[in-house]
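Chain by chain, the residues:
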Amino acid sequence: MTSPANVISPDLIPDALYPTINALCATSIDVAAIIARAGLGQSLAAQVGENSDGDGQKALDVLADDMFEAALRGGDVRWYASEEQEDALLTSEGGKYALAIDPLDGSSNIDVNVSIGTIFSIFDTKEGAEESFLRPASEQICGGYILYGPATCLVVTFGNGTQQYVLDPSKGEFVLVEKAMEVPETSKEFAINASNYRHWTKPVRTYIDDCLAGKDGPRGMDFNMRWVGSLVAETHRILTRGGIFLYPGDARPGYENGRLRMVYECAPIAFIIEQAKGHATDGETPILERQAATLHGRVPLVFGSAQKVQRVADHHDLSE
Ligand SMILES: O=P(O)(O)OC[C@H]1O[C@](O)(COP(=O)(O)O)[C@@H](O)[C@@H]1O
Ligand SMILES: [Mg+2]
Ligand SMILES: [Mg+2]
């Protein structure tokens, strides 16, 4: 790894992790620059293949993966596991960390100029790849995402609160703007892909039915719905404004455990949210108590304001 110049203030970042976080940030500045020019030429949304799970891969999925892998190679990351690659890669024999990454989250939004992102999770490495990643999510030492939105920002936790940095494009530097984000408790927004209503389980349906009933229902108030289709953007909204996000398991073949991956998406988002005093579960059990059975395994995800997430768990209890 060639060490890039420092692009993020080191104050709140553990010394040992700084080179890795700095490399991720430096690469994200390049990714953001490519995204900013997306409308001007080559289509970053062109379908270029399929990943091991059968998901379509867009040009930007593959490009971002290549860029992060190249940036980390030879550094402190021993195992690099990407949503876009079947197996974890040995990127540095002597590396002390295992890093999982969703290089480009929200692929369906690439061609419509809507926010997309990168999600990552870091563990202290073990000897082998599987044992490094297939372990309780509570063993993460870092979880983070970079959001490529109107502003590019990094939200990250090292287990001591959730910090937010915003990229100052004129300086090419991420500036600390919040030391301890907190998910607001008061919000009337919920996020779910309601087109799947007929496939949901009873607890999920009744939770959403209660929201839809608004003032006339058991909740006694009106709600608002949001669905961006980029997990990073939904997470950022909830960290900023509160609310709840659900991607439950449903009856569609292949969606028994929802759509989102434990290692690349659910575990780091759960770590970030819990460190911001919110809550993240699979509907009942905290995500941080779960572990992936396979590298690309999926898990239902419910996260947001703690009381709202608890209410979903209560609905699951009632159905038993
Ligand atoms: O299209 P759906 O089923 O609503 O799924 C949306 C979800 O899929 C994702 O796009 C999956 O992530 P990828 O783009 O990394 O595959 C999430 O960002 C988002 O929450
Ligand atoms: Mg994703
Ligand atoms: Mg992705």
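Residues numbered from 1 in each chain as written. Chains lettered and ligands numbered in written order. Predicted model: local features only at pLDDT ≥ 70, side-chain atom pairs only at ≥ 80, totals over all residues. Heavy atoms only, no water.

**Section: the coordination of the magnesium ion (ligand 2)**
Each pair of donors in an ideal octahedron of six around a metal sits at 90 or 180 degrees, and each pair in an ideal tetrahedron of four sits at 109.5 degrees. For the magnesium ion (ligand 2), the full set of protein donor atoms is D102 (OD), D105 (OD) and E265 (OE), and the range of their distances to it is 1.8 to 2.1 Å. Within one chain, the residues donating to the magnesium ion (ligand 2) are spaced in sequence as D-x2-D-x159-E. (Donors = N, O, S within 2.8 Å, 3.2 Å for Na, K, Ca; no water.)

**Considerations on the nonpolar core**
Within the largest apolar cluster, 45 residues are counted, with the highest numbers of intra-cluster contacts made by F133, Y145, L239, F245 and F303. Counting residues per element, this core draws most heavily on helix α6 (residues 262-275), at 10 residues. Setting aside anything within four residues of it in sequence, one finds F303 in contact with L231, T235, I238, G243, I244, F245, I269, I273, H279, A280 and V309. Counting 39 residues, the second-largest nonpolar core is a separate cluster that includes L17, V31, A32 and V77. (Core = buried A, V, L, I, M, F, W, Y, C linked by side-chain atoms within 4.5 Å. Buried < 20%, exposed > 50% of the residue type's maximum accessible area, 1.4 Å probe, protein only. Helix = DSSP H or I, 4+ residues; strand = E, 2+ residues; numbered from the N terminus. Contact = heavy atoms within 4.5 Å.)

**Some words on the environment of F271**
With respect to the helices and strands, the residue F271 is situated in helix α6. Between the C-alpha atoms of F271 and T125, which are 146 residues apart in sequence, the distance is 18 Å. Aside from chain neighbours lying at most four places away, what touches F271 is Q140, I141, C142, G143, T157, F158, G159 and L288.

**Observations concerning the environment of L24**
Residue position: L24 is located in helix α1 (residues 18-36). On the accessibility criterion, L24 (1% relative accessible area) is buried. Distance from L24 to A5, taken between C-alpha atoms, is 12 Å for residues 19 residues apart in sequence. Excluding anything up to four places from it in sequence, L24 contacts F68, L72, L99, I101, F120 and I146.

**Let's talk about the UniProt feature "domain: Fructose-1-6-bisphosphatase class 1 C-terminal" (unreviewed entry) in the chain**
In the UniProt entry, the feature "domain: Fructose-1-6-bisphosphatase class 1 C-terminal" (unreviewed entry) is given for residues 183-315. Structurally, residues 183-315 comprises 35% helix and 12% strand, and the distance from its first C-alpha atom to its last is 22 Å. (UniProt positions renumbered as here; feature names shortened; annotations may be inferred.)

**What to know about the coordination of the magnesium ion (ligand 3)**
Surrounding the magnesium ion (ligand 3) are the protein donor atoms E83 (OE), D102 (OD) and L104 (O), which sit 2.2 Å from the metal. Coordination of the magnesium ion (ligand 3) draws on donor residues from a single chain, spaced E-x18-D-x1-L in sequence. Taken as an interatomic distance, the gap from the magnesium ion (ligand 3) to the magnesium ion (ligand 2) is 3.7 Å; D102 donates to each of them. Taken as a pair, E83 in the loop between β3 (77-82) and β4 (89-90) and L104 in strand β5 (residues 97-105) lie far apart in primary sequence, 21 residues in all.

**Quick word on the sheet that holds β3**
Strand pairing in a sheet relies on backbone hydrogen bonds. The paired strands run either parallel or antiparallel. Ordered in space as β4-β3-β5-β6-β7-β8-β9-β10, the 8 strands form an open sheet in which the pairing is mixed. Of all the strands in the sheet, the pair left with one neighbour each is β4 and β10 (173-178). Sitting on the sheet, helix α2 (residues 59-72) touches β3, β4, β5, β6 (116-124) and β7 (142-148), and the angle it makes with β5 is about 155°. The sheet strands contacting helix α5 (residues 231-241) are β5, β6, β7, β8 (152-157) and β9 (162-168), and the helix crosses β7 at an angle near 100°. (Pairing = 2+ DSSP bridges. Axes fitted to C-alpha atoms, helices over the stretch in contact; angles between N-to-C directions.)

**Details of the site of ligand 1**
For ligand 1, the set of nearby residues contains 15 residues, the closest of which are D105, G106, N193, L231 and Y247. Contact distances for ligand 1 include 3.2 Å between an oxygen atom and a side-chain N or O atom of E83. In this structure, R259 approaches ligand 1 through a side-chain N or O atom, which is 2.9 Å from an oxygen atom. Burial of ligand 1 by the protein amounts to 88% of the accessible area it has alone, namely 470 Å². When residues of the shell around ligand 1 are assigned to their parent elements, the largest contribution, 3 residues, is made by β5. Grouping the amino acids of the shell around ligand 1 by side-chain chemistry returns 5 nonpolar, 5 polar and 5 charged. Shared between two domains, the shell around ligand 1 holds at least three residues of each, these being domain 1 (15-178) and domain 2 (189-318). (Near = heavy atom within 4 Å. Polar contact = N/O pair within 3.5 Å; in protein donor to acceptor, adjacent residues only side chain to side chain. Areas by Shrake-Rupley, 256 points an atom, 1.4 Å probe, with all protein chains shown as cover. Nonpolar A, V, L, I, M, F, W, Y, C, P; charged D, E, K, R; others polar. Domains from an automatic or database assignment.)

**Points about the packing of aromatic side chains**
Tallied over the entire structure, the rule returns 6 aromatic pairs. Seen from their ring centres, F190 and F223 are 6.4 Å apart, and the 65° between their planes marks the pair as edge-to-face. You can see F190 sitting in strand β11 (residues 189-191) and its partner F223 sitting in the loop between α4 (202-213) and β12 (224-225), a full 33 residues away along the chain. Each member of the pair F190 and F223 is classed as buried. Measuring from ring centre to ring centre gives 4.9 Å for F245 and F303, while their planes differ by 25°; the resulting arrangement is stacked. Here the residue F245 occupies a position in strand β13 (residues 244-247), and F303 occupies one in strand β15 (residues 301-304), the gap between them amounting to 58 residues. The residues F245 and F303 share a single accessibility class, namely buried. A connected cluster of aromatic rings, assembled from ring pairs, spans W227, F245, Y247 and F303. The ring of Y255 carries the charged tip of R252 above its face, separated from the ring centre by 3.6 Å. (Phe/Tyr/Trp six-rings, centres within 6.5 Å; stacked < 30°, edge-to-face > 60°. Lys NZ or Arg CZ within 6 Å of the ring centre and 35° of its normal.)

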